[in-house]
Amino acid sequence: QVQLEESGGGLVQAGGSVRLSCVTSGRTFSPYTMGWFRQAPGKEREFVAAISWSGGSTMYADSVKGRFTISRDNAKRTVYLQMNSLKPEDTAVYYCAADVSMAIRKNANSYEYWGQGTQVTVSS
């Protein structure tokens, strides 16, 4: 089993920045692909970013490309999402997720483990 816990969410003004963290516990962290997803009220959960187990490969949703950066520190068993130039439409609950395969995938169904989520609210 793998447990994931997100932190770092909150209220921020448009144009501001927030860094989310996701700490894992349980099974060995390193071999997992890690992803961030988000879900806004009344909308489906959507892919935000993913990073390979080595950190050498990343993938982003078009809506966040150039503004968000995913990274990981395997020694700390932590994955990060640095969010810059935030927009009101970025408001959502953000979830981190772990995929035990080596592939980087956008499909939420590919991820076996999920955190409880952290709220990010961007005011205009």
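Residues numbered from 1 in each chain as written. Predicted model: local features only at pLDDT ≥ 70, side-chain atom pairs only at ≥ 80, totals over all residues. Heavy atoms only, no water.

### What about the overall build of the chain?
When its secondary structure is counted, the chain shows 0 helices and 11 strands. Put simply, the chain runs from its N terminus to its C terminus through helices and strands in the order β-β-β-β-β-β-β-β-β-β-β. The globule rule puts the C-alpha radius of gyration for 124 residues at 14 Å, and the 13 Å found for the chain is close to it. For the chain, the spread of C-alpha atoms along the three principal axes comes to 40 × 25 × 25 Å. Within the chain, the proportion of its 124 residues that are buried is 44%. Sequence separation of at least 24 residues holds for 59% of the intrachain contacts in the chain that already meet a minimum separation of 6. Roughly 6,200 Å² of accessible area belongs to the chain as shown, and the carbon and sulfur atoms make up 46% of that amount. Computing the positive centroid from 13 side-chain charges and the negative centroid from 10, the chain places the two 4 Å apart. (Helix = DSSP H or I, 4+ residues; strand = E, 2+ residues; numbered from the N terminus. Rg over C-alpha atoms; globule rule 2.2 N^0.38 Å. Buried < 20%, exposed > 50% of the residue type's maximum accessible area, 1.4 Å probe, protein only. Contact = heavy atoms within 4.5 Å. Areas by Shrake-Rupley, 256 points an atom, 1.4 Å probe, with all protein chains shown as cover. Lys, Arg positive; Asp, Glu negative; His and termini not counted. Charge placed at Lys NZ, Arg CZ, Asp CG, Glu CD.)

### Regarding the state of the cysteines
Applying the stated criterion across every chain yields a total of 1 disulfide. One disulfide in the model links Cys 22 with Cys 96; its S-S distance is 1.9 Å. Taking the torsion about the sulfur-sulfur bond, which here is approximately 45 degrees, the covalent link between Cys 22 and Cys 96 counts as right-handed. Pair noted here: Cys 22 is in strand E3 (residues 18-26) and Cys 96 is in strand E9 (residues 92-99), with a separation of 74 residues, a long-range link. For Cys 22, a relative accessible area of 0% corresponds to the buried category. Look at Cys 96 and you get buried, because its relative accessible area is 0%. (Disulfide = S-S within 2.5 Å.)

### Focus on the side chain of Thr 78
Within the fold, Thr 78 resides in strand E8 (residues 78-83). The class for Thr 78 is buried, based on a relative accessible area of 5%. A distance of 2.8 Å separates the side chain of Thr 78 from the backbone oxygen of Lys 76, its partner in a polar contact. (Polar contact = N/O pair within 3.5 Å; in protein donor to acceptor, adjacent residues only side chain to side chain.)

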